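# Report on the structure
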Amino acid sequence: MKRLKIFAAMVLIIGLFFSTPILAEEDRTQYYAKYLSVADVEQVTGLKGITTKHNYTLHFHNADGIEILRVSFYSVKDWDFYVSDDKSLWAPVEGIGDRAAYEVPRMPYMLAFAKGHHMVILGTTRKEGLTMHLSLDQLKALANIILPRLPKEDYL
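Residues numbered from 1 in each chain as written. Predicted model: local features only at pLDDT ≥ 70, side-chain atom pairs only at ≥ 80, totals over all residues. Heavy atoms only, no water.

## Quick notes on the pattern of salt bridges
- In total, this model carries 3 salt bridges according to the counting rule given.
- One salt bridge in this structure joins aspartate 40 and arginine 149, with 2.6 Å as the shortest N-O distance. Of the two residues, aspartate 40 sits in helix α2 (residues 38-45) while arginine 149 sits in the segment after α4 (136-146), which places them 109 residues apart along the sequence.
- A relative accessible area of 9% means that aspartate 40 is categorised as buried.
- Aspartate 98 is the partner of lysine 115 in a salt bridge, and the nearest nitrogen-oxygen pair spans 3.6 Å. Taken together, the positions of lysine 115 in strand β6 (residues 110-115) and aspartate 98 in the loop between β4 (90-92) and β5 (99-103) put the pair 17 residues apart, joining distant regions of the chain.
- A relative accessible area of 52% places aspartate 98 in the exposed class. (Salt bridge = Lys/Arg side-chain N within 4 Å of Asp/Glu carboxyl O. Helix = DSSP H or I, 4+ residues; strand = E, 2+ residues; numbered from the N terminus. Buried < 20%, exposed > 50% of the residue type's maximum accessible area, 1.4 Å probe, protein only.)

If you want it as structure tokens, here you go:
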């Protein structure tokens, strides 16, 4: 009987030991949050009171709760699917990653860039009329914040 109690206690302790890392694992919907923070967006835009709501894609909202920026992460293998070579839709952008392009005629406006194994698309939303919440220069600045934070290995 004593051996049975010791065995049960050991099983319980071992079970707790192995389940703790699983319980402590990060929320996978927050995985990409490490690549761009509220502070980064506030610094680039000059806006205050920005909040986030992430679900694998990073969503940034202004103080009024309106989404102003969306950042999505993909494999570079998806470049041709998301970014067309059609010059009437996408214009090349120099100086960001291995390659970058800006989607001009559609709304919301988007900036896509690829670096190594990774592709990131930043999109802003329409503020009023043809005015966007973020400018192309602001999207570029945010892309340049994300770039060095991307891992060297393929995460997808």
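## A short note on the pairing of β6
- Where β5 lies against β6, 5 bridges are found, and the strand directions are antiparallel. Bridging across to β6, alanine 101 finds its partner in alanine 112.
- Sheet topology note: the β6/strand β7 (residues 118-124) ladder contains 6 bridges and is antiparallel. Within the sheet, the bridge partner assigned to phenylalanine 113 lies in β7 and is valine 120.
- In this antiparallel pair of consecutive strands, β6 and β7, the connection spans 2 residues, and glycine 116 shows a positive phi of 60°. (Pairing = 2+ DSSP bridges.)

## Side note on the nonpolar core
- Grouped together as the largest cluster of nonpolar side chains are 30 residues, with contacts concentrated most on Leu36, Leu69, Val71, Phe113, Leu122 and Ile146.
- For this core, the secondary structure elements donating two or more residues are β2 (58-61), β3 (67-75), β5, β6, β7 and α4.
- At 5 residues, α4 tops the list of elements feeding residues into this core.
- Those residues in contact with valine 71 that sit more than four places away from it in its chain are Leu36, Thr57, Leu58, Phe60, Val120, Ile121, Leu122 and Ile146.
- The next biggest cluster of nonpolar side chains, apart from the first, holds 9 residues, and it includes Leu89, Ala101, Ala114 and Ile121. (Core = buried A, V, L, I, M, F, W, Y, C linked by side-chain atoms within 4.5 Å. Contact = heavy atoms within 4.5 Å.)

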